[in-house]
Amino acid sequence: FLLRRRALPPAPLPWRRRARSDGTAPRWDVVVIGGGHAGTEAAAAAARSGVRTLLVTHKADTIGQMSCNPSFGGIGKGHLMREVDALDGLCARICDQSGVHYKVLNRCKGPAVWGLRAQIDRKLYKENMQKEILNTPLLTVHEASVEDLLLMEPEPDRPGKCQVSGVILGDGSRVHAGSVILTTGTFLRGVVFIGLKTHPAGRLGDQPSIGLAQTLEKLGFAVGRLKTGTPPRLAKDSIDFSVLERHMADNPPVPFSFLSEAVWIKPEDQLSCYRTLTNAKVEQIIHDSLHLNNHVRETTRGPRYCPSLESKVLRFPNRIHQLWLEPEGLDSNVIYPQGMSMTLPPELQEQVIACIHGLEKAKMMQPGYGVQYDFLDPRQLSASLESRLVQRLFFAGQINGTTGYEEAAAQGVIAGINAGLRVGGKPPFIISRTEGYIGVLIDDLTTLGTNEPYRMFTSRVEFRMSLRPDNADSRLTLRGFEEAGCVSQQRYAQASQMKAAIEEAIAVLKSLQFTATKWSRLVPEAPISTNRSSLASALDILQYPEVTMELLARAIPEPLRKFAECRELAERLKIEAVYEWHVASQQQEIEEVRRDEALQLPEDLDYFAIDASLSQEVREKLDSNRPQTIGAVSRIPGITPAAIVNLLRFVKTNR
Ligand code: FAD
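Reading guide: rules and limits
Residues numbered from 1 in each chain as written. Predicted model: local features only at pLDDT ≥ 70, side-chain atom pairs only at ≥ 80, totals over all residues. Heavy atoms only, no water. Phe/Tyr/Trp six-rings, centres within 6.5 Å; stacked < 30°, edge-to-face > 60°. Helix = DSSP H or I, 4+ residues; strand = E, 2+ residues; numbered from the N terminus. Buried < 20%, exposed > 50% of the residue type's maximum accessible area, 1.4 Å probe, protein only. Pairing = 2+ DSSP bridges. Axes fitted to C-alpha atoms, helices over the stretch in contact; angles between N-to-C directions. Expected span 1.5 Å × (residues − 1). Polar contact = N/O pair within 3.5 Å; in protein donor to acceptor, adjacent residues only side chain to side chain. Contact = heavy atoms within 4.5 Å. 1 Å grid on protein atoms, 1.4 Å probe; cavity = no way out; pocket = protein on both sides within 12 Å on 5 of 7 lines; lining within 4 Å. Points joined across faces, edges and corners; volume = space filled by probe spheres on them. Right-handed = clockwise from strand over helix to strand, strands pointing away. Near = heavy atom within 4 Å. Areas by Shrake-Rupley, 256 points an atom, 1.4 Å probe, with all protein chains shown as cover. Nonpolar A, V, L, I, M, F, W, Y, C, P; charged D, E, K, R; others polar.

1. A word on the packing of aromatic side chains
- Scanning the model with the defined rule gives seven aromatic pairs in all.
- Aromatic side chains phenylalanine 241 and tyrosine 274 sit 4.6 Å apart centroid to centroid with 45° between the ring planes, which places their arrangement in the tilted category. Within this pair, whereas phenylalanine 241 is found in the loop between β13 (233–235) and β14 (245–247), its partner tyrosine 274 is found in strand β15 (residues 273–277), the two being separated by 33 residues in sequence. No difference in accessibility class separates phenylalanine 241 from tyrosine 274, as the two residues are buried.
- Residues phenylalanine 514 and tryptophan 519 carry aromatic rings whose centres are separated by 5.2 Å and whose planes lie at 65° to one another, so their mutual orientation is edge-to-face.

Here it is, written out as structure tokens:
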């Protein structure tokens, strides 16, 4: 097996030999612990930025394993993938080589909040990811369990308890490193739950990490406990799809990566998903068997936005819930029933399945289960994901309290880049809230922490009109190349050319100013309703849904033809035009909130009664947080910018 052969060559590894012989500093620049979604991105990012990197993981064969759902992307998550890709990360490209059903979610809304998503062939993803890791220069994989950290005195000019200098493996050998990144997912003191049975495991079939959990505790890190779960898997050939609602993939599929012109699969070969529903019988079984379901009775917090079937039934009684039957691969007989995560005893899971429409004869291939694990309070990290307590020790992924492959990958890239920069004594690479979803994710975690598995949403992002999936390369690729050295020359050249072309085209479009009467003659498709003599630019006209760059170029071939000829450029210009007004008005709202940040909120404000346009969730958050000022409101996670503005205007008019 290729990875193993490369990871464990017949001769002793250089670090092992030298460490034992002379005790001098044979070391890797960066050691990454864990080969999950955070770890692979971290290791590859560190290596791309030019430092010698070792990835130590329990089993090389599980690199690229998707522990739960066979899908990537979605609302908010698709943005993270685009940003990971803009920094030359792996997951978007690997998804374009492994997807079997591509769908853009939220199509009915604007492109700023479109959610690129795909069902992925599990086997292919793993194979392609392992190939990629194997072929990354400066990156070596070693199969082992890390049991402890090597520590030394802190650097004199930096406060901190101590500094990490390497790791100790299960066989007692030492690996020295300039920086260490911990990406152990759900493995720290992981315990698996099925019905009344529990056993220690990081996920089903994998040993938990106990030694490292004890080390973190001894070092004084604050840790908490979270839980998550996964549904049973069903045999495809035992499901009656003929009675279910079929959902086809997009044609043509939209790739995740800026480097992919198309995805690997032919549009017509994509697989379908199917929808079915729960019913009263399901609810009854769940209610009747609560005493047999330890995971549900535990008070540990689970993922609010990806709840178990039991939590949905308990929280929303007498409701019907959707279940999506998703394929796990082209030649796989496994179906993943999304929405059916449960931890009942296996025989009761089979009963639940059997009373669902289309699944009456479905065979359960593996029961659903839950897992509880330690996570680190991420407020102990700086924005570079380095810990404040132990220098040169970085954390990324589910260990920081997040859930999801994309959240893990996004943190992995940033930790990998910064661990490498730290070794070279260079300033950290930080993405701010105004620059990317990654910035929002890391800022939320490191400043506010979390008490439930954190998931990315567009509503967490204040500047979502400008932080769009289409422009992630313009926002991040150039910085990634110039400041972090983690972006290839080819990608840098491509992103720079596109950015320059967009800027040039926008300047030209703005300079073409005519009266509404003339525009109506030039582009009759545009339903112009303004004063006939008022001036409008070509960029204003491009905002109309009926107008494309092609139409504009037909009306004014010179100088517009060259911009319309490139399909990708034309599409991006259309989006820029649509958002020009929104971005400007968002900027005004930002200014409005910034001006009134210190505005005091009345202490007795009844958030459930006030006549302001606020969702129930926002009202609940305001009521439980009781912020004192508008500035404090804007730091509560999940409060939308629109809600802040609405509250601000309400308070100002009613004081
Ligand atoms: P992981 O992917 O868990 O990878 C951790 C890696 O570290 C593993 O390879 C492990 O072998 C290695 N490792 C751990 N300790 C050591 C050690 N001491 N030495 C060497 N190697 C070590 N996400 C969702 O979005 N929705 C869901 O519904 C959902 N359900 C889930 C259900 C279950 C049961 C599980 C386990 C996860 C679920 N997830 C879900 C979460 C998703 O799988 C994770 O968010 C994601 O995989 C986290 O990536 P990671 O890299 O942080 O950790």
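2. Things to note about the sheet that holds β15
- Strand order in the open sheet formed by six strands is β14-β15-β16-β17-β13-β18, with antiparallel pairing between adjacent strands. For this open sheet the edge positions go to β14 and β18 (364–366), each flanked by a neighbour on one side alone. Across this sheet, the average inter-strand angle for adjacent strands is 35°, counted without regard to direction.
- Pairing geometry for β13 and strand β17 (residues 334–338), over two bridges, is antiparallel. Bridge pairing in β17 places alanine 235 opposite valine 334.

3. Examining helix α6 (residues 122–134)
- Taking 1.5 Å of rise per residue, the 13 residues of α6 would be expected to cover 18 Å, and the 18 Å separating its terminal C-alpha atoms lies within 8% of that figure.
- Here α6 has its buried residues at Arg122, Leu124, Tyr125, Asn128, Met129, Gln130, Ile133 and Leu134.
- Two to three positions downstream of the cap, the backbone nitrogen of lysine 123 sits 3.1 Å from a side-chain oxygen, assigning the N-cap of α6 to aspartate 121.

4. Looking at helix α12 (residues 405–423)
- Over its 19 residues, α12 extends 27 Å from the first C-alpha to the last, a length consistent with the 27 Å expected when each residue adds 1.5 Å.
- Glycine 425, located one to two residues past α12, shows a positive phi value of around 70°.

5. Here's the deal with the environment of aspartate 444
- When you line up the elements, aspartate 444 lands in helix α13 (residues 437–448).
- Its relative accessible area of 2% is what places aspartate 444 among the buried residues.
- C-alpha of aspartate 444 to C-alpha of glycine 302: the two residues are 142 residues apart in sequence and 18 Å apart in space.
- For aspartate 444, the contacting residues outside a window of four places in its chain are Arg433, Gly449, Tyr454 and Arg460.
- At 2.9 Å, the side chain of aspartate 444 and the side chain of arginine 433 are in polar contact.

6. Remarks on empty space enclosed by the protein
- As enumerated under the stated definition, the model contains one cavity of 30 Å³ or more in all.
- Here the largest cavity defines a volume of roughly 40 Å³.
- Every residue lining the largest cavity is listed: Phe258, Asp473, Thr477, Arg491, Gln494 and Ala495.
- Of all elements in the fold, only α14 (472–484) and α15 (489–511) reach the threshold of two or more residues within the lining of the largest cavity.

7. Observations concerning the sheet that holds strand β10 (residues 191–194)
- Pairing is antiparallel across the open sheet formed by four strands, whose spatial order is β11-β10-β19-β12. Edge positions in the sheet fall to β11 (197–200) and β12 (223–230), since each of these pairs with one other strand and no more. Taken over all neighbouring pairs, the strand axes of this sheet differ in orientation by 25° on average, direction set aside.
- The sheet contact formed by β12 and strand β19 (residues 369–376) spans eight bridges and is antiparallel. Bridging across to β19, lysine 227 finds its partner in glutamine 372.

8. Examining the layout of surface pockets
- In this structure, the second largest pocket encloses a volume near 1,200 Å³.
- Around the second largest pocket, the lining comprises 43 residues; the ones closest to its centre are Val254, Arg567, Glu568, Glu571 and Arg572.
- Listed by contribution, the elements that provide at least two residues to the lining of the second largest pocket are α15, α18 (549–555), α19 (557–565) and α20 (567–595).
- It is α20 that provides the largest number of residues to the lining of the second largest pocket, a total of eight residues.

9. Notes on the pairing of strand β2 (residues 53–57)
- Counting buried positions over the five residues of β2 gives five, a clear majority of the element.
- The two faces of β2 match: Thr53, Leu55 and Thr57 on one face and Leu54 and Val56 on the other face are all buried.
- Across four bridges, the pairing between strand β1 (residues 27–33) and β2 is parallel. Pairing of valine 31 across the sheet is with leucine 54, part of β2.
- For the crossover from β1 across helix α3 (residues 37–48) to β2, the handedness is right-handed.
- Bridge count between β2 and strand β6 (residues 139–143): five bridges; the pairing is parallel. Looking at β6, one finds that threonine 53 is bridged to leucine 139.

10. A closer look at the environment of valine 84
- Summarising the element assignment, valine 84 is placed in helix α4 (residues 77–86).
- For valine 84, a relative accessible area of 1% gives the class buried.
- Taking the C-alpha atoms as reference points, valine 84 and glycine 190, separated by 106 residues in sequence, lie 28 Å from one another.
- Here valine 84 is in contact with Glu41, Gly89, Leu90, Cys91, Ala409, Ala410, Val413 and Ile438, once residues within four sequence places are set aside.

11. Concerning the environment of glycine 74
- You can see glycine 74 is positioned in the loop between β3 (71–73) and α4.
- Expressed as a C-alpha distance, the spacing of glycine 74 and asparagine 106, which sit 32 residues apart in the sequence, is 9.0 Å.
- Excluding residues that lie within four positions of it along the chain, glycine 74 makes contacts with Leu105, Gly115, Leu116 and Arg117.

12. Re the site of the ligand
- Within the structure, the ligand sits among 35 residues, and Ala38, Val146, Ser209, Gln398 and Gly404 are positioned closest to it.
- Between an oxygen atom of the ligand and a side-chain N or O atom of threonine 57, the distance comes to 3.5 Å.
- One nitrogen or oxygen atom from the side chain of threonine 403 is found 3.2 Å from a nitrogen atom belonging to the ligand.
- Protein contact buries 97% of the 980 Å² of open area that the ligand shows by itself.
- Elements with a contribution of two residues or more to the shell around the ligand: α3, β2, β12, β19 and α12.
- Among the elements that line the shell around the ligand, the one with the most residues is β12, at three residues.
- Grouping the constituent residues of the shell around the ligand by class yields 13 nonpolar, 20 polar and two charged.

13. Re unusual backbone geometry
- At the junction of asparagine 251 and proline 252, the peptide bond is cis and its omega measures out at 5° in the coordinates.
- Here proline 252 shows up in the loop between β14 and β15.
- Note the cis peptide between glutamate 558 and proline 559, where omega equals 10°.
- Looking at where proline 559 falls in the secondary structure, it is placed in helix α19.

14. Let's talk about the pairing of strand β5 (residues 115–120)
- Burial of β5 is extensive: six of the six residues sit out of reach of the surface.
- Here β5 shows two buried faces, one formed by Gly115, Arg117 and Gln119 and the other by Leu116, Ala118 and Ile120.
- Pairing of β3 with β5 involves three bridges; the strand directions are antiparallel. Looking at β5, one finds that serine 71 is bridged to glutamine 119.
- Both strand β4 (residues 99–105) and β5 contribute to a ladder of six bridges, which runs antiparallel. The residue bridging histidine 101 from the neighbouring strand is glutamine 119, located in β5.

All we've got here are geometric facts, nothing functional implied.
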